[in-house]
Amino acid sequence: MTPDEKTKIIQVNYLARVEGEGAMFLKIRGNEVADIQLRIFEPPRFFEALLRGRSYTEAPDITARICGICPVAYQMSAVHAIENAFGLRVTGPLRDLRRLLYCGEWISSHTLHITMLHAPDFLGYESAVHMAKDHKEAVARGLQLKKTGNRILSLLGGREIHPINVRVGGFYKIPLKSELQALLPHLREARALAMAMIEWTAGFDYPDFEVDYEFVALRHPEEYPLNEGRITSNKTLDILPDAFETVIEESHVPHSTALHAAMKGRGSYFVGPMARYSLNFDRLPASIQAVAQSAGLVPVCCNPYRSILVRGLEVLYACEEALRIIEQYTPPPEPAMTVTPKASTGYACTEAPRGLLYHRYRTDENGLILEANIVPPTSQNQKRIEEDLRRYVAGSLELPDEQLKQHCEHAIRNYDPCISCSTHFLKLDVDRQP
Amino acid sequence: MNTETINTEINTGQRVIGIGNRHRGDDAIGLILAEKIQAETLDHVQVLFSNGDPMTLIQDWQGADKVILIDAVSVRDAVPGTLYCFHLNHQPLPAVINTCSSHFMGLNEAVNLSKAMGTLPEALIFFGIAGHSFGLGEGLSPPMAACSDDLLARIRDALKQACYPIGTQTSPKVGDPLMHEFSLMADLMKKIEQLAQEAEAGKVTRIHVKLGALAHISADHFREHFTHATQGTVAEGARLDVETLTDTNDPYAQDIVLESIEAV
């Protein structure tokens, strides 16, 4: 850069291949990153206000509309939080069916991101459509895997997108054992496809980029976490979901319509598949631990580029877990447990495909919702993404702007940000001055 | 609505895929028409039902020679029951046709992906039927119900035709893109009248429009409709300049852009 060079602003239109709409702004002065902002400009959607005055029975269906990719996560956090308020605990086959439904969402959501959004970055293609000519088999495999995830969603949720069969206390209708068993051959095929997908991504080139994250994820005494557990981190955090707001603080920054979250007194943290995996490696079956190792993953993964491998591993886990649940399934006596509303406050966190999803509801004695608070995973990761990008860009300033932009887009996709959820990515501006 | 399980390896021939949501008023029309085709048990015609997820549709149409997709569409100012027909192998759906799509991928992207994978049927034909109301649990609207037999006849006709030759730009002969122009013109006239009113003009003397390369209407065809549409309006007798664009990558390639009007 020469001193007399003018301000340079480079603009690309909406960044493709992320969920929702947003932009990234990068201000470079000389050899320093002066500012970096993940600008989320999708209008805020006011879901929490929309829930006020509604019956508790409506919460799973209203909140499912927050995201078309992970509606089940919203339904699960909603029903668990309300059940927590009413002192109800759903156990046995109903609990298993919820876990199975969540497995369907993990398979569909992760496969979509791995195959259609993230893989083209590693292989140097502009999009999945460009990649499909040379990697037909990989794309077909992705479509097939997603379809199997969708089969679970259809059977248990009533339909694939925005399922309508989840209620506080259980389900409206439960599947026949025979209907579940019909999924078995598809899931066995999916397990093999997931293995092939992991093998494919294990062959990609991964940049050396390691970060000392504070990983935050649920931890359960026995299971790899989906629906329940304590909120834990690799840096001494260990709380119940009801203490979430005492530890996590949300704040508004002018450049984003999604609130930023930070841990009080500690700053940014990181939720999602890498956090779940790194905090719960010991909860994975030995067979899946072995697959992780053969794919080049260590038990604590601190390289965000390798998140694609972790997602693949979670797809494999979800297939295995779905098979296990179906094989040992005995139908529950009733599709739902009896629910008795009361004036109370309930809290829950579940593990959405993109990470920890917190819900809180305050209800009156009839179960009307007086207040709701929802903290999605992408909101929680925004600050961390900005910090990682600042470090990443600082090491790549010598790159021409066009290349720098491509690299930034790739880096952002490592986090699978769901801007639809966090309000909603992406346009990238580079402002470079001497 | 569940998508039927199919083995894409062995199913060739013709396939009809009804798309929609049974509980959302006129959005059920694609499913209802597909059901009627299914009841006729035509040889070599397989019928599937879909909620419209484009990634699933890629798998649904794979392996067949000719596929007809039937879906309700929302087109501003269109007469309910208006049938739009597009040969997706040769032309994308124009922006004026709104189908429901998730954030990530729409029908046009699904067609491109399928083409890149080499799984696009030789003929993939989209029948979009303009809906009137899409409310929860409403059932078909009376105007939609009234024309469903006629729509069914058109789909039957399309099925009877042999495969469409690859590489040609001919639309299937099922009534052309019926009335498509009507809604376009209605929209354009509304805008022209509004502009004239704002300018406090009594008469519009000249109109300049640009036709996008993928606008699905020729300049001559446009002129013809324009003459009809302007009769009795402030723009009757106005000179019409039509500029036909050729860049298919232009962001407005699928649109008709009103560039300017002159009024007195």
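Quick summary incoming for the structure in this document.

Parameters at a glance
Residues numbered from 1 in each chain as written. Chains lettered and ligands numbered in written order. Predicted model: local features only at pLDDT ≥ 70, side-chain atom pairs only at ≥ 80, totals over all residues. Heavy atoms only, no water. Helix = DSSP H or I, 4+ residues; strand = E, 2+ residues; numbered from the N terminus. Rg over C-alpha atoms; globule rule 2.2 N^0.38 Å. Buried < 20%, exposed > 50% of the residue type's maximum accessible area, 1.4 Å probe, protein only. Areas by Shrake-Rupley, 256 points an atom, 1.4 Å probe, with all protein chains shown as cover. Lys, Arg positive; Asp, Glu negative; His and termini not counted. Charge placed at Lys NZ, Arg CZ, Asp CG, Glu CD. Contact = heavy atoms within 4.5 Å. Buried area = accessible area lost by both parts, 1.4 Å probe. Salt bridge = Lys/Arg side-chain N within 4 Å of Asp/Glu carboxyl O. Polar contact = N/O pair within 3.5 Å; in protein donor to acceptor, adjacent residues only side chain to side chain. Pairing = 2+ DSSP bridges. Axes fitted to C-alpha atoms, helices over the stretch in contact; angles between N-to-C directions.

Now for the overall build of chain A. Check the secondary structure of chain A and you find 15 helices and 14 strands. Expected size for 434 residues packed as a compact globule is a radius of gyration near 22 Å; at 21 Å, chain A falls within 12% of this value. Across its three principal axes, chain A shows a C-alpha extent of roughly 75 × 45 × 35 Å. Every one of the 434 residues in chain A was classed for burial, and the buried ones make up 63%. Per element, the accessible surface of chain A, about 16100 Å² overall, is 51% carbon and sulfur. The centroid of the 48 positive side-chain charges in chain A is displaced by 2 Å from the centroid of its 54 negative side-chain charges.

Taken residue by residue, the interface counts 26 residues in chain A and 20 residues in chain B. For the pair chain A and chain B, the summed buried surface comes to about 2000 Å²; carbon and sulfur atoms form 60% of the total. Applying the counting criterion to the chain A and chain B interface returns two salt bridges. With a closest N to O distance of 3.9 Å, B:Asp60 and A:Lys147 form a salt bridge. Across the contact surface, chain A and chain B share three residue pairs in polar contact (both at pLDDT 80 or more). Of all elements in the fold, only helix H4 (92–123), helix H5 (128–132) and helix H6 (136–157) of chain A reach the threshold of two or more residues within the side of chain A that touches chain B. In terms of residue count, the dominant contributor to the side of chain A that touches chain B is H6(A) (ten residues).

Looking now at the sheet that holds strand E7 (residues 239–244) of chain B. Residue and element names in this part refer to chain B. Here three strands make up an open sheet; going across it, the order is E7-E6-E8 and the pairing mixed. Across the chains shown, the open sheet's two edge strands, defined by having one partner strand only, are E7 and strand E8 (256–263). Neighbour-to-neighbour, the strand axes of the sheet open up by a mean angle of 15°, direction not taken into account. Sheet topology places strand E6 (residues 204–211) next to E7; six bridges connect them, and they run parallel. Among the inter-strand pairings, Ile 207 is bridged to a residue of E7, identified as Leu 240. In this fold helix H7 (residues 219–230) packs onto E6, E7 and E8, with an angle of close to 155° to the strand it touches most, E7.

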